[in-house]
Each structure stands twice: as C-alpha cells, then as structure tokens.
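Structural description and commentary
The lines below spell out each chain.
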Amino acid sequence: LVGFVGLCLVHPPVPAWLGLVGHRTWRRLSTPEAPLRQALAALAQFESAARHLDVARLAFHRQLPQVSAGHAARSIELDPSQASAWHLLGLSLLDLGRLDDALRAFEQAEARDPGHAFGEALLQQGRLRFLRGEPAGLALLQDHERRHGGGARSHVWLAEALERAGDRAAATAALRTAAAKPSHAIGPEER
C-alpha cells in the first residue's frame with residue numbers, strides 16, 4: 001500500500017489509469033449479455049445492416065472488439081453509407097491494434113458524415129496520422145479544435161503534435177487548455 005501511494009505521488013497518471021481500467025471493467029461486467037444474445041438471435045432470423053450494427057454496438061460495449069469489428073464490417077458490406085458503422089469499425093479496430101485499418105474506417109465515417117460523433121472520427125484520424133508521423137495529423141487535430149473545441153484528451157494530442165512540429169508556445173497553450181478545470185463532468189478517458 002505504501003509502495004502504491006508512493007507510485008501515485010511520483011507518477012500522477014497512475015490513479016487516472018486505474019480509474020480507466022476500473023471503468024472499462026465495470027462497463028464490461030455491468031453490461032448484460034442478454035441483449036447481445038437477443039440481437040444475435042434476431043440477426044439469425046433476418047440479416048440486415050441495422051441488425052449487424054446493433055450486434056456490433058452491443059459487442060463493443062461488452063468489450064468484444066473482434067466480434068464488434070466483424071459485425072460492423074458486415075453491416076458496411078450491406079450498407080456502406082452508414083457513418084456510424086464505419087466509426088464503430090474504426091473504434092473496434094483501434095482496440096485490436098489495427099491502426100492502419102482503423103484510420104481508413106475513421107476516414108470513411110468522416111467522409112460520409114462530416115463531424116460524425118461530435119468530431120470523434122476527425123479527432124481519431126488526426127491522432128492516427130500523428131502516430132504514423134504524417135504532418136497531416138497536426139492539420140487534422142487543429143481542424144478538430146477549430147470545428148469542435150475539443151476536450152482534455154484532444155488538447156493533449158494536439159500539444160504532442162505541435163511539440164513535434166516545433167511550436168512550443170502553441171503546445172504549451174494546448175496543454176494549459178487540457179489542464180484547465182472542466183466545466184462539465186468528464187469520463188475516465190478524459191481524466
């Protein structure tokens with residue numbers, strides 16, 4: 001216990017990380033399995049893009065990214081116009097560590113519905129392009145900030161991109177924005 005408290009004092013992100021792990025575990029355990037089984041049974045009776053998307057969402061909330069990605073992909077095969085299916089596919093692929101495929105899915109979601117999910121598809125595109133070392137990542141993150149404002153997470157990612165681009169003053173400003181006390185309740189990931 002003393003070692004843990006010492007670790008938390010030396011490395012402040014540890015409590016936030018534990019909160020995030022606890023939140024994800026709680027979400028997985030508290031999300032009932034029955035709706036997923038019912039959605040799978042309904043899908044067995046009649047296949048449609050909407051039913052595959054329902055199964056993909058339920059699987060994603062149960063933290064079954066492989067199942068979620070498979071059903072989101074099938075939903076897209078049946079109806080490629082759904083931005084929400086592309087976005088969910090991107091999130092599932094991100095959980096699976098398939099970053100290049102996730103980037104393509106987020107690009108498709110943004111192309112079909114600009115500003116989809118309050119700009120989350122655009123934000124994820126910027127982050128993934130930054131991680132690939134592409135200068136377009138910074139432009140996308142800045143575009144996200146202009147269009148959607150952003151939160152702590154997006155401003156930290158923007159600060160990293162600005163720092164890499166050599167703009168320390170703007171990076172510091174983005175970090176200050178990220179560190180500011182939020183005006184609303186935030187989730188574990190933002191913390």
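Scroll up to find the structure this text is about.
This write-up is about the structure you can find in this document. (Residues numbered from 1 in each chain as written. Predicted model: local features only at pLDDT ≥ 70, side-chain atom pairs only at ≥ 80, totals over all residues. Heavy atoms only, no water.)

Re the environment of G166
- Positionally, G166 belongs in the loop between α10 (152-165) and α11 (168-179).
- Of the residues examined, G166 reaches a relative accessible area of 57% and is grouped as exposed.
- The sequence separation of G166 and L94 amounts to 72 residues, and the corresponding C-alpha distance is 28 Å. (Helix = DSSP H or I, 4+ residues; strand = E, 2+ residues; numbered from the N terminus. Buried < 20%, exposed > 50% of the residue type's maximum accessible area, 1.4 Å probe, protein only.)

Some remarks on the environment of F4
- Along the chain, the position of F4 falls in helix α1 (residues 2-10).
- In contact with F4, other than residues within four places in its own chain, are V14 and L18. (Contact = heavy atoms within 4.5 Å.)

Some remarks on α10
- With 14 residues, α10 extends 20 Å from end C-alpha to end C-alpha; this agrees with the ideal 20 Å at 1.5 Å per step.
- The complete set of buried residues in α10 reads A152, R153, S154, H155, W157, L158, A159, A161 and L162.
- Turning to α10, the residues buried within the fold contact α8 (116-131), α9 (136-148) and α11.
- Directly beyond the C-terminal end of α10, a positive phi value near 90° is found at G166. (Expected span 1.5 Å × (residues − 1).)

A few points about the packing of α8 against α9
- Following both chains from N to C, one finds α8 and α9 inclined at 160°, their axes separated by 7 Å at the closest point. Classified by the angle between their axes, α8 and α9 sit roughly antiparallel to one another. Here α8 runs over α9; the crossing is left-handed. On the side of α8, the interface is formed by F118, G119, L122, L123, Q125, G126, R127, R129 and F130, while α9 contributes A136, G137, L140, L141, D143, H144, R147 and H148. (Axes fitted to C-alpha atoms, helices over the stretch in contact; angles between N-to-C directions. Parallel < 35°, antiparallel > 145°, perpendicular 65-115°, else oblique. Left-handed = near helix turned anticlockwise from the far one by under 90°.)

Notes on the packing of helix α3 (residues 34-45) against helix α4 (residues 49-61)
- The geometry of α3 relative to α4 is characterised by a closest axis approach of 9 Å and an angle of 160° between their N-to-C directions. Taken as axis vectors, α3 and α4 run roughly antiparallel relative to one another. Every pair of crossing elements has a handedness; the one defined by α3 and α4 is left-handed. Contact with α3, carried on its side by P35, L36, A39, L40, A42 and L43, involves R51, H52, V55, L58 and A59 of α4 and no other residues of that element.
- Split into classes, the residues belonging to the contact of α3 with α4 amount to nine nonpolar, one polar and one charged. (Nonpolar A, V, L, I, M, F, W, Y, C, P; charged D, E, K, R; others polar.)

Considerations on the environment of G126
- Locating G126 in the fold gives a position in helix α8.
- For G126, a relative accessible area of 0% gives the class buried.
- Spatially, the C-alpha atom of G126 lies 7.2 Å from that of A136, the residues being 10 residues apart in sequence.
- Residues in contact with G126, not counting those within four places in the same chain, are G137, L140 and L141.

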